[in-house]
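Residue strings, one per chain:
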Amino acid sequence: PAAMDPEGKPEPRRPHWYERHLQPCVAELLGSALFIFIGCLAVVEDSGGTGRLQPALAHGLALGVAVAVLGDI
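Residues numbered from 1 in each chain as written. Predicted model: local features only at pLDDT ≥ 70, side-chain atom pairs only at ≥ 80, totals over all residues. Heavy atoms only, no water.

If you check an unreviewed UniProt entry, the protein appears there as AQP8 protein from Panurus biarmicus. The UniProt entry for the protein carries this comment under Subcellular location (unreviewed entry): "Membrane". (UniProt positions renumbered as here; feature names shortened; annotations may be inferred.)

As structure tokens, this is what we get:
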């Protein structure tokens, strides 16, 4: 039987160690790798007249795509 609180409702499930410790670290690693990769590609392909605009737009687009795709997680 599930553990009950004093009011008779089932207690919420405690997250597994993976969900508490490993999953946030993996998400941070993948997010950092994405932004470093996108930033390096934007600088390598920099055309002369764009200056700082091209890397900034590349990072903004990558962030927008990541939020749109993974926002429900």
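(A) Local environment of the overall build of the protein. Within the protein, the regular secondary structure consists of two helices and zero strands. Considering the protein as a whole, with its 73 residues, one finds that 5% of them fall into the buried category. Summed over all atoms, the accessible surface of the protein reaches about 6,300 Å², with 68% contributed by carbon and sulfur. (Helix = DSSP H or I, 4+ residues; strand = E, 2+ residues; numbered from the N terminus. Buried < 20%, exposed > 50% of the residue type's maximum accessible area, 1.4 Å probe, protein only. Areas by Shrake-Rupley, 256 points an atom, 1.4 Å probe, with all protein chains shown as cover.)

(B) Structural detail: the layout of surface pockets. Of the voids in this model, the largest pocket is the one considered here, and its volume is about 250 Å³. Along the wall of the largest pocket there are 11 residues; nearest its centre are Ala 27, Glu 28, Leu 30, Gly 31 and Leu 70. Elements represented by at least two residues in the lining of the largest pocket include exactly helix H1 (17-44) and helix H2 (53-70). Here the lining of the largest pocket takes eight residues from H1, the largest share from any one element. (1 Å grid on protein atoms, 1.4 Å probe; cavity = no way out; pocket = protein on both sides within 12 Å on 5 of 7 lines; lining within 4 Å. Points joined across faces, edges and corners; volume = space filled by probe spheres on them.)

(C) Structural context of the environment of Ala 56. One can find Ala 56 in helix H2. Separated by 17 residues in the primary sequence, Ala 56 and Gly 39 place their C-alpha atoms 8.3 Å from one another.

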